[in-house]
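# Examining the three-dimensional arrangement
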Amino acid sequence: MPYRRLPNTDQARIRALKAVVAKADTHNLYDLAVSLKTLTEARNFLMRFEAAQSYYVQCFERQSQAGRKHQANVKMARLYISHFIQVLNLAVIRSEVRAAHKSYYGLPTDSSNVPDLSTEAALVEWGRKIIDGETKRTSQGGIPIYNPTIAKVRVHYDIFTDSYDRQKNLQALTARSLDSLSTMRTTADELILDIWNQVEKKFEDVSPNEKRLELCRDYGLIYYYRTGEKRIEKVNE
């Protein structure tokens, strides 16, 4: 016997609900295999569920599109911050900058290693530290670092932090829209299960079996044959 399987994606859930609503739109309500109460629930819920699913897709697409631009900003910020720190270390080695002044930037005075800049949070932190540190050092008469200048670093840092904040906001919107959609899935599954049970109950005495399955499929029910099962059924017909 073929077996039915409830939808496991949002699009499949929407198709299942649309199938029974479409059936009601083309047939006499009193001839339907689904109660009027259930049909009304399905119609109302479908509108809300489809809107929630559409909003989530929009949020995700906006986040993805902005994310591609954001990654380019991340790359440039990391490049300039890392390069500035390397040039600063070289200036210390050449005695152009006092080693003790590296503390202005939050950098160790006894090491020339570049901090770990692999995360965006680290870029936010270290970008701010070197901008503040360079401002403090030069305000005390220190020679500015060139190639890159701190002004150039600041430009790319500001672009990065703007897109960083924007990306976090978009991620929050996407997460909230997904949470809202997720809370509706249980209701969708319960409603579809109720509809499918009513349909199968309506046609349980119809024979042959394929005719019964076709009547059920007309309401959106999905049936699957086990391996070799359909071929065996045809041989037995």
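The structure reproduced in this document is the subject of the present report.

What counts as what
- Residues numbered from 1 in each chain as written.
- Predicted model: local features only at pLDDT ≥ 70, side-chain atom pairs only at ≥ 80, totals over all residues.
- Heavy atoms only, no water.
- Helix = DSSP H or I, 4+ residues; strand = E, 2+ residues; numbered from the N terminus.
- Rg over C-alpha atoms; globule rule 2.2 N^0.38 Å.
- Buried < 20%, exposed > 50% of the residue type's maximum accessible area, 1.4 Å probe, protein only.
- Areas by Shrake-Rupley, 256 points an atom, 1.4 Å probe, with all protein chains shown as cover.
- Phe/Tyr/Trp six-rings, centres within 6.5 Å; stacked < 30°, edge-to-face > 60°.
- Lys NZ or Arg CZ within 6 Å of the ring centre and 35° of its normal.
- Expected span 1.5 Å × (residues − 1).

### Things to note about the overall build of the protein
- The secondary structure content of the protein amounts to six helices and two strands.
- Radius of gyration (C-alpha) of the protein: 32 Å, far over the 18 Å computed for a compact globule of 237 residues.
- Here the C-alpha coordinates of the protein stretch approximately 95 × 40 × 20 Å along the principal axes.
- Expressed as a percentage of the 237 residues in the protein, the buried residues total 38%.
- Carbon and sulfur atoms make up 53% of the accessible area of the protein, which amounts to about 14000 Å² in all.

### Concerning the packing of aromatic side chains
- Across all of its chains, the model carries seven aromatic pairs by this definition.
- Aromatic side chains Phe-84 and Tyr-105 sit 6.4 Å apart centroid to centroid with 50° between the ring planes, which places their arrangement in the tilted category. One end of the pair, Phe-84, is in helix α2 (residues 36-93); the other, Tyr-105, is in the loop between α2 and α3 (120-139), and 21 residues separate them in sequence. Here Phe-84 matches Tyr-105 in class, with each residue buried.
- Put simply, the rings of Tyr-157, Phe-160 and Tyr-164 touch in pairs and so form one group of aromatic residues.
- In this arrangement the basic side chain of Arg-5 is found over the ring face of Tyr-224, its NZ or CZ atom lying 4.1 Å from the centre.

### Comments concerning helix α1 (residues 10-26)
- Taking 1.5 Å of rise per residue, 17 residues should cover 24 Å, and α1 covers 25 Å from first to last C-alpha, within 8% of that figure.
- Among the residues making up α1, those that are buried are Asp-10, Ala-12, Arg-13, Ile-14, Ala-16, Leu-17, Val-20, Val-21, Lys-23 and Ala-24.

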